[in-house]
Amino acid sequence: QVQLVESGGGLVQPGGSLRLSCAASGSIFSIGTMDWYRQAPGKQRELVARDTGGGKPNYADSVKGRFTISRDNAKKTVDLQMNSLKPEDTAVYYCALDLYDGSAWSRYWGQGTQVTVSS
């Protein structure tokens, strides 16, 4: 009965900022890797940021220095702070989490949230 709900997307001008949030709910006993992906029209899905919970987060070169992933295991959330946004950041952003529900580990995906960077 685990579900992920994303929020925070929208329209922003180049150079602006957005903060995406992903909240997990349901029977969750443990949290592993927490990722943010994005997919632009006509392009492959791209891993943007990854937090394994055991070290420094990893970022795609295209967003390094501009995006920050953060997790709160107690709240069961993962956020993506997006600064200095560029038009090429326009995409649907998805969170993806490895969660243990007491029976098995599974990867769960959020519903996606649209980020549009345009003047």
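Residues numbered from 1 in each chain as written. Predicted model: local features only at pLDDT ≥ 70, side-chain atom pairs only at ≥ 80, totals over all residues. Heavy atoms only, no water.

(A) Focus on the pattern of salt bridges. What the rule picks out here adds up to nine salt bridges. Salt-bridge contacts for K64 lead to D61; the nearest nitrogen and oxygen are separated by 3.6 Å. Judged by relative accessible area, D61 falls into the exposed class, the value being 67%. (Salt bridge = Lys/Arg side-chain N within 4 Å of Asp/Glu carboxyl O. Buried < 20%, exposed > 50% of the residue type's maximum accessible area, 1.4 Å probe, protein only.)

(B) Structural context of the packing of aromatic side chains. Scanning all chains against the criterion turns up two aromatic pairs. Relative to W109, the ring of Y37 lies with its centre 5.0 Å away and its plane at 45 degrees, an arrangement referred to as tilted. Of this pair, Y37 sits in strand β4 (residues 30–39) while W109 sits in strand β10 (residues 105–109), and the two are 72 residues apart along the sequence. Given the relative accessible area of 11%, Y37 is considered buried. Overall, W109 belongs to the partly exposed group, its relative accessible area being 34%. With a centroid separation of 5.7 Å and 35 degrees between ring planes, the pair formed by Y100 and W105 is classed as tilted. (Phe/Tyr/Trp six-rings, centres within 6.5 Å; stacked < 30°, edge-to-face > 60°. Helix = DSSP H or I, 4+ residues; strand = E, 2+ residues; numbered from the N terminus.)

(C) Quick look at the pairing of strand β11 (residues 113–117). Residues of β11 alternate between two faces, with T113, V115 and V117 buried on one and Q114 and T116 left unburied on the opposite face. In terms of strand pairing, strand β2 (residues 10–12) meets β11 through three bridges, oriented parallel. Bridged to V12 within β11 is V117. Note: strand β9 (residues 91–100) against β11, three bridges, orientation antiparallel. The residue bridging V92 from the neighbouring strand is Q114, located in β11. (Pairing = 2+ DSSP bridges.)

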